[in-house]
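Listed below are the residues making up each chain.
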Amino acid sequence: MPSIKQIFYQSSKTIVDLIYMSFICCPLPIFWKYATCKINLIKNIDHYNYTFNISSLNLSNDWFSISIPSWMYTMKHLQIHPSSKMNILEIGSFEGCSTYFLLDFFKNSTITAVDTWNGSIEHKGKINFIEVEKRFDQNILPFKNRLKKMKSTSNDFFTLCKDQRFELIYIDGDHHASAVYQDAVQAFLVLKINGVLIFDDFNWRHSFKLSELPGPGIIKFIKDYKSQLKVIYVGYQLHIQKIY
Ligand SMILES: C[S@@+](CC[C@H](N)C(=O)[O-])C[C@H]1O[C@@H](n2cnc3c(N)ncnc32)[C@H](O)[C@@H]1O
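Note that the structure is predicted; figures quoted are calculated from it, not measured.

### Things to note about the overall build of the protein
Part 1: When helices and strands are tallied, the protein shows 8 helices and 7 strands.
Part 2: Radius of gyration (C-alpha) of the protein: 17 Å, near the 18 Å computed for a compact globule of 244 residues.
Part 3: Taken over the C-alpha atoms alone, the protein extends approximately 45 × 40 × 40 Å along its principal axes.
Part 4: Looking at the protein residue by residue over its 244 residues, the buried ones come to 35%.
Part 5: Expressed as a percentage of contacts within the protein between residues at least 6 apart in sequence, the contacts between residues at least 24 apart total 69%.

Structure, rendered in structure tokens:
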């Protein structure tokens, strides 16, 4: 049974999420998806069971593991088995927390990890990226043979990778609305039909300026491509499937 404190925290978080989602003009089906996904996650139905061995990683920040239940929900819902052989693309790898999860959970898949290892505006002056890149290299060592590391901007990478195709793409790079939109448009071109595109930080609100937040960029993309995609999960992250 959750405590009164947990119920109060979760309810107030939900209310603030809903206010924010109205503010960024989410279409009505996104609200509906948010509510149904929340209920499914609470009921703990439709999930793969997976334990993330985070203690084996050298991390200064864990921004990812909180989102693992939503990945378990989406993968089970779409019947994407952990043994699937997929070509995965990750934009924004940092110290390799999400990269490690992808390589550990999808044991037969390969990953291209794209990062400048130079940070974003919100990291400036706060994080030593030489150390971050060293930790990335160290953390993903057990899976090195299934990883292609690309030290570049997402834009430069997408210019080079036009002939490649991916079954799963995770976007967690530059968080500005316009950059997230650009990453989404370019990712969609190289995503296979039935492929999955996952956005981190859909409900992240670190700034009062909408242009500095991922949410408005993700919603613009969903509105522009609505006939070609299906929204699978809405919560802190947002997951879609390319249907056309
Ligand atoms: C929030 S962190 C990623 C966190 C990571 N996914 C995890 O789970 O730990 C964002 C990363 O995006 C990278 N980044 C920022 N702008 C980028 C761009 N234009 N192209 C590629 N990577 C970028 C930063 O260097 C940073 O490492």
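Once you've had a look at it, read on.
### Quick word on helix 8 (residues 214-224)
Part 1: With 8 of 11 residues buried, helix 8 is to be regarded as a mostly interior element.
Part 2: Considering only its buried residues, helix 8 is in contact with helix 7 (177-190), strand 5 (191-199), strand 6 (229-234) and strand 7 (238-242).

### Thoughts on the packing of helix 7 against helix 8
Part 1: Following both chains from N to C, one finds helix 7 and helix 8 inclined at 40°, their axes separated by 7 Å at the closest point. With respect to the hand of their crossing, helix 7 and helix 8 are arranged in right-handed fashion. Contacts from A177, S178, V180, Y181, A184 and V185 in helix 7 reach P214, P216, G217, I218, K220 and F221 in helix 8.
Part 2: Counted by class, the contact of helix 7 with helix 8 contains 9 nonpolar, 2 polar and 1 charged residues.

### Quick look at the site of the ligand
Part 1: Taken together, 21 residues form the shell around the ligand, and within it F64, G92, F94, S98 and D174 come nearest.
Part 2: Among the secondary structure elements, those contributing two or more residues to the shell around the ligand are helix 4 (97-105) and strand 2 (110-115).
Part 3: Residue composition of the shell around the ligand, grouped by class: 7 nonpolar, 10 polar and 4 charged.

### A look at the nonpolar core
Part 1: Counting 50 residues, the largest nonpolar core has I169, I171, L197 and I218 as the members making the most contacts within it.
Part 2: Apart from the residues within four sequence positions on either side, I218 is in contact with V180, A184, F199, F202 and L238.

### Considering the sheet that holds strand 5
Part 1: With respect to topology, 7 strands assemble into an open sheet ordered 3-2-1-4-5-7-6, the strand pairing being mixed. With partners counted over all chains shown, the strands left at the sheet margins are strand 3 (147-151) and strand 6, one partner each. Taking the axes of each pair of neighbouring strands and ignoring which way they run, one obtains an average angle of 15° across the sheet.
Part 2: Two strands pair when backbone bridges link them, and strand 2 and strand 3 are joined in this way by 5 bridges, in the parallel orientation. Counterpart to T112 in the pairing with strand 3 is K148.
Part 3: Across the sheet, helix 7 touches strand 1 (87-91), strand 4 (166-171), strand 5 and strand 7, and the angle it forms with strand 5 is around 155°.

### Observations concerning unusual backbone geometry
Part 1: Of note, C25 is a non-glycine position whose phi angle comes to about 60°, a positive value.
Part 2: Following the sequence through the fold, C25 ends up in the loop between helix 1 (4-23) and helix 2 (28-43).
Part 3: The exposure class assigned to C25 is exposed, which follows from the 11 C-beta atoms found within 10 Å.
Part 4: With a phi angle near 75°, N194 is a residue other than glycine that sits in the positive phi range.
Part 5: Along the chain, the position of N194 falls in strand 5.

### Observations concerning the packing of helix 1 against helix 2
Part 1: Across the interface, helix 1 lies against helix 2 with an axial gap of 11 Å and an inter-helix angle of 160°. With respect to helix 2, the element helix 1 is oriented roughly antiparallel. Our pair here, helix 1 against helix 2, has a crossing hand that is right-handed. Facing T14, L18 and M21 of helix 1, the residues of helix 2 in contact are I30, F31, Y34 and K38.
Part 2: Considered class by class, the residues forming the contact of helix 1 with helix 2 number 5 nonpolar, 1 polar and 1 charged.

The rules behind these values
- Residues numbered from 1 in each chain as written.
- Predicted model: local features only at pLDDT ≥ 70, side-chain atom pairs only at ≥ 80, totals over all residues.
- Helix = DSSP H or I, 4+ residues; strand = E, 2+ residues; numbered from the N terminus.
- Rg over C-alpha atoms; globule rule 2.2 N^0.38 Å.
- Buried ≥ 20, exposed ≤ 12 C-beta atoms within 10 Å, placed from the backbone.
- Contact = placed C-beta atoms within 7 Å.
- Axes fitted to C-alpha atoms, helices over the stretch in contact; angles between N-to-C directions.
- Left-handed = near helix turned anticlockwise from the far one by under 90°.
- Nonpolar A, V, L, I, M, F, W, Y, C, P; charged D, E, K, R; others polar.
- Near = placed C-beta within 6 Å.
- Core = buried A, V, L, I, M, F, W, Y, C linked by C-beta atoms within 7 Å.
- Pairing = 2+ DSSP bridges.
- Parallel < 35°, antiparallel > 145°, perpendicular 65-115°, else oblique.

Distances and angles like these do not, on their own, reveal function.
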